[in-house]
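# An overview of the molecular structure
Here are the chains, one letter per residue:
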Amino acid sequence: MRKLAFLFCAMLVSLHAVAACNGMTDDSCPERDYNTTENDTRTMKKITISVNGRSMTATLADNSSAAALVALLEQGPLAYNAHDYGNFEKVGDIGHTLPRNDEYITTVPGDIILYLGNNICIYYDTNEWNFTRLGRIENLSASEIRSILGTGDCTITLSLA
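Residues numbered from 1 in each chain as written. Predicted model: local features only at pLDDT ≥ 70, side-chain atom pairs only at ≥ 80, totals over all residues. Heavy atoms only, no water.

## Notes on the pattern of salt bridges
Applicable threshold: A pair is scored as a salt bridge if a Lys or Arg side-chain nitrogen falls within 4 Å of a carboxyl oxygen belonging to Asp or Glu. Counting from the N terminus, the helices are the DSSP runs of H or I reaching at least four residues and the strands are the DSSP runs of E reaching at least two. The rule is simple: take the accessible area with a 1.4 Å probe, protein chains only, and divide by the maximum for that residue type; under 20% is buried, over 50% is exposed, in between is partly exposed.
In total, this model carries 5 salt bridges according to the counting rule given. Asp 102 serves as the salt-bridge partner of Arg 100, at 2.6 Å between the closest nitrogen and oxygen. Residues Arg 136 and Asp 111 are paired through a salt bridge, measuring 3.8 Å at the closest nitrogen-oxygen approach. Residue Arg 136 is located in strand β8 (residues 128-137), and its partner Asp 111 is located in strand β6 (residues 111-115); the two are separated by 25 residues in the primary sequence. One exposure class covers both Arg 136 and Asp 111, and it is buried. Residues joined by salt bridges that share partners form a network here, namely Asp 111, Arg 133 and Arg 136.

## Structural notes on the confidence of the model for the chain
The condition is simple: Known as pLDDT, the predictor's per-residue confidence is scaled from 0 to 100. In this analysis, two residues are considered to be in contact whenever any of their non-hydrogen atoms come within 4.5 Å of each other.
Of the residues in the chain, 73% reach a pLDDT of 70 or more, and the chain-wide mean stands at 81. Residue range residues 1-42 is modelled with pLDDT below 50. Its contacts to residues more than four positions away, or to other chains, number 27 contacts.

## Details of the pairing of strand β3 (residues 78-85)
The criterion, for reference: Any two strands between which DSSP finds at least two bridges are classified as paired.
Judged from the 5 bridges that link them, β3 and strand β9 (residues 154-160) form a sheet pairing that is antiparallel. Counterpart to Leu 78 in the pairing with β9 is Leu 158. Of the strand pairs in this sheet, β3 and strand β4 (residues 89-93) are connected by 3 bridges, and their pairing is antiparallel. Across the sheet, Tyr 85 pairs through a bridge with Glu 89, a residue of β4. Between β3 and the antiparallel strand that follows it, β4, lie 3 residues; Gly 86 among them carries a positive phi value of about 65 degrees.

## Quick look at helix α3 (residues 142-149)
The test is simple: For this quantity, the arc is that covered by the directions from the helix axis to the C-beta atoms.
Those residues of α3 not exposed but buried are Ile 145, Ile 148 and Leu 149. In a view along the axis of α3, the buried residues occupy a sector of 95 degrees, so they form one face of it. Along α3, the residues that are exposed and aim more than 90 degrees away from the buried face are Ser 143 and Ser 147. Those residues of α3 hidden inside the fold are in contact with β1 (46-51), β2 (54-60), β4, β7 (119-123), β8 and β9.

Structure, rendered in structure tokens:
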């Protein structure tokens, strides 16, 4: 009976930790670490995002959409025009269609999202919708990402890191 009570308590603590992540917009929530596993971080593909003369590094998600993006970038850098949308993202049509792996998610600053198969969004704030995760910008705060992306339209260039 003691073992059963211990297991029940451990399960409640675990569920509480996941539930506590709801609404968090920083990297401290384990639920937000969607693209790594304990032994797999060295094999994750990285891309460089260049905009307004500055570069950011992103780690790609482990899905067929990110794999298709890598295949596209193996042919060379991809530049596309992006504009502000909703005061939370820069979005632009990349001129190619990638496979979708949509799921209902809440974005956080730094998320790189595929929308409708042919638009890439870089988030500097939060949003909720059915999206496909492509990756996440590393080691930059929301304000740093927003500063790099600037205001108004811009050209974003993606390349393999």
